[in-house]
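Survey of secondary and tertiary structure
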Amino acid sequence: MRKYYLFFKLRFAAGIQYRMAAVTALTTQMVWGLMECLAYKAIAESSGNMPMDYSAVVSYIWLKEALLALFNTWAADNDIFGMILNGDISYELCRPLSVYSMWFSRTAGGRISEALLRCIPVLACAFLMPYPYKMGLPVSAGAFLLFLLTAVLGLGVTIAFCMLVYILCFFTISPQGWRMALTGAVDFLSGNIIPLPFFPDKYLRIAQLLPFAYMQNIPFRIYCGDLAAAAIPSAIAGQVFWFAALTLAGLLLWKKAEKRVVVQGG
Amino acid sequence: MITMENVCKSYKVAKRDAGFRAACKALVHREYEAVHALNNVSFTVRDGEMVGYIGPNGAGKSSTIKILSGILTPDSGTCVIDGRVPWKNRTEHVRQIGVVFGQRSQLWWDIPVIDSFELIKEIYSISTPQYNNKLEELTQLLQLQEILKTPTRQLSLGQRMRCEVAASLLHEPRLLFLDEPTIGLDAVSKLAVRDFIKKLNEEHKTTVILTTHDMQDIEAIANRVILIGRGQILLDGTLDELRRAAVSDGNGNTDEPLDLDHVMACLYRNLNIL
């Protein structure tokens, strides 16, 4: 366990080195977040009834921008794709450790370090925004604790999914195909583009059958009070289920991939 | 003790003619060709031996190293290293071996070398006193004092390679596989790496298998040479035996003093493995 913690720590240390990236991210995220706030304002004013409170939507947007690095599926660890592509995976296979756990902890370290660097300035700015674009506090202390718990579980589901994408790359020459196809759809289905409650009923029901609804959708909606208290236990159960299922699928697929590794050249 | 018996490995390679039409055709129907990288390779290496593994480009050298280190699973044949089958007991196996792939890197790109070393310490569960001793020894022998605190990305190739070699030896492996460890190094770094490997073998009786295209590496390090070509082992002996084989099969101009590279070129040509 200590070994895997060290992977986490090292990736964390590497992650917090990129200060400039954090500064530029702040600008991007603030501009993007504000744009979204304005767009939903327009929707709220023209239609009158939104599936979420406007203030809840604003909090959702700022959380999404602040914690982008935790939950986005398109920014998987490029070093890992690099290793698979250029063959440095050779060295990973020469370690007396499970490659799956190694990459899992490494991805977690990368995501958390990046998120910590970015979320503080973004959240600070979001709380200082003028009304109605101001980020709200969590609806209750209990909701905040549940938010933390489901955020950790959501991160687990997200990473377990990313692991599948890494491993699928062993079966094709270039990872681009998988990444484009999967992450585009996932971005949408996880509520990263528009919050899931905005989906038409029929599509919402389908989305809720997929693991992607158990990533950021749950913690963010608990934070802003959009998810009814009665729905929270089943949401957490869903997260646990999908985390276990995706991890198991990843481990099984890895067993298959390991046998067919071909490190080309030199 | 390493025993390899009748190991075969082939790769499937997609081939097509040049040009747009052929590319479109390949989109629908792909033609594969099996390339036999290793064809009935057998050899034994005793403990404490230093073996140079040579052959022209594409002969199967790296494939062998990858099988020995458990990365690649052969199609058929057996390979037993100290009683373990590398690709079956991968995790136990790799604990006992050190590998340097000259063309790849195991150091984390953006952080100081010493941090990568600390991670390796944890990965192999090396105790702190043992780690400190080994690190000091390696630092001295490979002259790493100046570069340990530098991020990998800012090291020159020679500096990085010295760190790579050190990284592969922190856990005191009994076997060391070196795949082109001196590629792209300047004279000073080359000599440092060579001397180091010799010393390692003398002091710790580490078994070393080394692939290279630099015949001076072989001359300096190996007391036994295995020549592979087109996936088959063609010669197995000392460097002198190799030299004799090159000259005797040649066109009779024996008195011409040949340097090692010419010996090899001659040999490759005679054996028709280019």
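Notes on the structure follow. (Residues numbered from 1 in each chain as written. Chains lettered and ligands numbered in written order. Predicted model: local features only at pLDDT ≥ 70, side-chain atom pairs only at ≥ 80, totals over all residues.)

From N to C terminus, chain B includes ten helices and nine strands. Taken against the 2.2 N^0.38 rule, which gives 19 Å for 274 residues, the C-alpha radius of gyration of chain B at 20 Å falls within 12% of a compact globule. Considered along the principal axes of its C-alpha atoms, chain B spans approximately 60 × 55 × 40 Å. Taking all 274 residues of chain B together, 40% fall into the buried category. The long-range share in chain B, meaning contacts at least 24 apart out of those at least 6 apart in sequence, stands at 70%. (Helix = DSSP H or I, 4+ residues; strand = E, 2+ residues; numbered from the N terminus. Rg over C-alpha atoms; globule rule 2.2 N^0.38 Å. Buried ≥ 20, exposed ≤ 12 C-beta atoms within 10 Å, placed from the backbone. Contact = placed C-beta atoms within 7 Å.)

Glancing now at the overall build of chain A. When you go through chain A residue by residue, the secondary structure sums to twelve helices and zero strands. Taken over C-alpha atoms, the radius of gyration comes to 19 Å for chain A, in line with the 18 Å a tight globule of 266 residues would show. Dimensions of chain A along its principal axes, counting C-alpha atoms only, are 65 × 40 × 35 Å. Burial status across chain A gives 39% buried among its 266 residues. A separation threshold of at least 6 residues defines the contact pool for chain A, and within that pool the share at least 24 residues apart is 82%.

The next thing to look at is the packing of helix α1 (residues 2-15) of chain A against helix α7 (residues 99-128) of chain A. Residues and elements named next belong to chain A. Running from N to C, α1 and α7 point in directions that differ by 35°, and their axes come no closer than 7 Å. By crossing handedness, the relation of α1 to α7 is classed as right-handed. Mapping the contact onto sequence places Tyr-4, Phe-7, Phe-8, Lys-9, Leu-10, Arg-11, Phe-12 and Gly-15 in α1 and Ser-101, Met-102, Ser-105, Arg-106, Ala-108, Gly-109, Gly-110, Ile-112, Ser-113 and Glu-114 in α7. (Axes fitted to C-alpha atoms, helices over the stretch in contact; angles between N-to-C directions. Left-handed = near helix turned anticlockwise from the far one by under 90°.)

The next thing to look at is the sheet that holds strand β7 (residues 207-211) of chain B. Sheet strands line up and pair through hydrogen bonds in the backbone, either parallel or antiparallel. Residue and element names in this part refer to chain B. Taking strand neighbours across the sheet as the criterion, the six strands line up as β5-β6-β7-β3-β8-β9 in an open arrangement whose pairing is mixed. The open sheet has two edge strands with one neighbour each: β5 (97-101) and β9 (232-237). Within the sheet, the average angular offset between the axes of one strand and its neighbour, ignoring direction, is 15°. Alignment of β5 against strand β6 (residues 175-179), held across five bridges, turns out to be parallel. Bridge pairing links Val-99 to Phe-177 in β6. (Pairing = 2+ DSSP bridges.)

Turning our attention to the sheet that holds strand β4 (residues 76-81) of chain B. Residues and elements named next belong to chain B. What the three strands build is an open sheet, ordered β2-β1-β4; its pairing is antiparallel. Strands at the two margins of the open sheet, each flanked by one partner only, are β2 (31-45) and β4. When the angles between neighbouring strand axes are averaged without regard to direction, this sheet yields 30°. Pairing of strand β1 (residues 2-15) with β4, which is carried by five bridges, proceeds in the antiparallel orientation. Following the sheet pairing, Cys-8 is matched in β4 by Ser-76.

Across soluble globular proteins, nonpolar side chains show a tendency to be buried alongside one another. Residues and elements named next belong to chain B. Core analysis: the largest hydrophobic core is formed by 72 residues, its most contacted members being Val-51, Leu-68, Ala-166, Phe-177, Val-208 and Ile-209. Broken down by element, this core gets its largest block of residues, six residues, from helix α6 (residues 157-169). Leave out the neighbours within four places in its chain, and Val-208 touches Met-50, Val-51, Leu-176, Leu-178, Ile-197 and Asn-201. (Core = buried A, V, L, I, M, F, W, Y, C linked by C-beta atoms within 7 Å.)

In short, geometric facts, not functional conclusions.
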